[in-house]
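Coordinates in review
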Amino acid sequence: HKSDAASLFLRIISELGLFGIFIFFTFIIYNYVWDFSFRNKPNYYVTVSNAVLIFIILRLIRYGVYYSDGYFLFIFIYYNAKKSLTDDKKEIQYIK
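Residues numbered from 1 in each chain as written. Predicted model: local features only at pLDDT ≥ 70, side-chain atom pairs only at ≥ 80, totals over all residues. Heavy atoms only, no water.

What about the overall build of the protein chain?
Going by this rule: Numbering of helices and strands runs from the N terminus; a helix is a DSSP stretch of H or I covering at least four residues, while a strand is a stretch of E covering at least two. Buried, partly exposed and exposed residues are distinguished by accessible area as a fraction of the type maximum, computed with a 1.4 Å probe on protein chains only: under 20%, between the cut-offs, and over 50%, respectively. Should any heavy atoms of two residues lie within 4.5 Å, those residues are considered in contact.
The secondary structure content of the protein chain amounts to 3 helices and 0 strands. Beginning at the N terminus, the succession of helices and strands in the protein chain can be written as α-α-α. The buried share among the 96 residues of the protein chain stands at 31%. Long-range contacts, defined here as pairs at least 24 residues apart, represent 67% of the contacts in the protein chain between residues at least 6 apart.

Some details on the packing of aromatic side chains
Filter applied, for reference: Planes of paired rings set the category: under 30 degrees apart is stacked, over 60 is edge-to-face and the rest tilted, where pairs are Phe, Tyr or Trp rings (Trp by its six-membered ring) whose centres lie within 6.5 Å.
Under the defined criterion, the tally for this structure stands at 4 aromatic pairs. Ring centres of Phe 24 and Phe 25 lie 5.8 Å apart, and the angle between their planes is 75°; this geometry places the pair in the edge-to-face category. For the pair Phe 55 and Phe 74, a centre-to-centre distance of 4.2 Å together with 35° between the ring planes defines the contact as tilted. Within this pair, whereas Phe 55 is found in helix H2 (residues 44–61), its partner Phe 74 is found in helix H3 (residues 71–95), the two being separated by 19 residues in sequence. On the basis of relative accessibility, which here comes to 21%, the residue Phe 55 falls in the partly exposed class.

Some words on helix H1 (residues 8–30)
Under the convention used in this document: Here a helix's expected span is defined as the number of its residues, less one, multiplied by 1.5 Å. To get the bend at a residue, fit one axis to the 7 residues ending there and another to the 7 starting there, then take the angle between the axes.
Given a rise of 1.5 Å per residue, 23 residues ought to cover 33 Å, yet the end C-alpha atoms of H1 are separated by just 20 Å, more than 12% below that figure. Of all the bends in H1, the greatest, near 125°, is centred on Leu 16. For H1, every residue scored as buried is listed here: Leu 8, Arg 11, Ile 12, Gly 20, Ile 21, Phe 24 and Ile 28.

Here's the deal with the nonpolar core
A general tendency of soluble globular proteins is for nonpolar side chains to be buried together. Selection rule: Only buried residues count toward a nonpolar core. Its members are Ala, Val, Leu, Ile, Met, Phe, Trp, Tyr and Cys residues joined through side-chain atoms within 4.5 Å.
Membership of the largest hydrophobic core comes to 13 residues, with the highest contact counts inside it found for Ile 12, Phe 24, Ile 28, Ile 56, Leu 60, Tyr 71 and Tyr 78. Mapped by element, the contributors of at least two residues to this core are H1, H2 and H3. No other element matches H1, which puts 5 residues into this core.

Topic: the side chain of Asn 31
One can find Asn 31 in the loop between H1 and H2. What Asn 31 contacts, discounting residues up to four positions off in sequence, is Ser 49, Tyr 78, Tyr 79 and Lys 82.

Focus on H2
What counts is decided by this rule: The directions considered for the arc run from the helix axis to the C-beta atoms.
Compared with an ideal rise of 1.5 Å per residue, which puts 18 residues at 26 Å, H2 spans 26 Å between its outermost C-alpha atoms and is within 8% of the ideal. Within H2, the full set of buried residues consists of Val 46, Ser 49, Val 52, Leu 53, Ile 56, Arg 59 and Leu 60. One face of H2 carries all of its buried residues, which in axial projection span an arc of 150°. Exposed side chains of H2 directed beyond 90 degrees from the buried face belong to Tyr 44, Thr 47, Ile 54, Leu 58 and Ile 61.

Section: the side chain of Arg 59
Along the chain, Arg 59 falls in helix H2. If near-sequence neighbours (up to four positions away) are discounted, Arg 59 is found in contact with Leu 8, Val 65, Ser 68, Asp 69 and Tyr 71.

Below you can see the structure in the form of structure tokens.
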């Protein structure tokens with residue numbers, strides 16, 4: 001649309017201010033999967049987290065709409081990758 005912002009980053013700043021962009025980046029950093037402890041087998045959580053992070057960064061740069069192309073679905077997948085990894089770690093510690 002012509003009336004939409006040129007990038008999602010600019011839209012977040014204009015609608016939510018610096019506080020909104022701070023909350024958004026806090027969510028991104030907190031939910032990023034940093035864990036590489038599964039060295040003997042592939043860690044799909046890291047792969048999914050990296051792929052969705054690239055998608056989020058591209059959306060911040062280019063698209064100015066919150067709801068198109070399943071953006072909230074990708075945000076949920078990003079959050080769920082971290083949550084699933086945490087749950088799996090708790091389960092492994094419980095078994096030991």
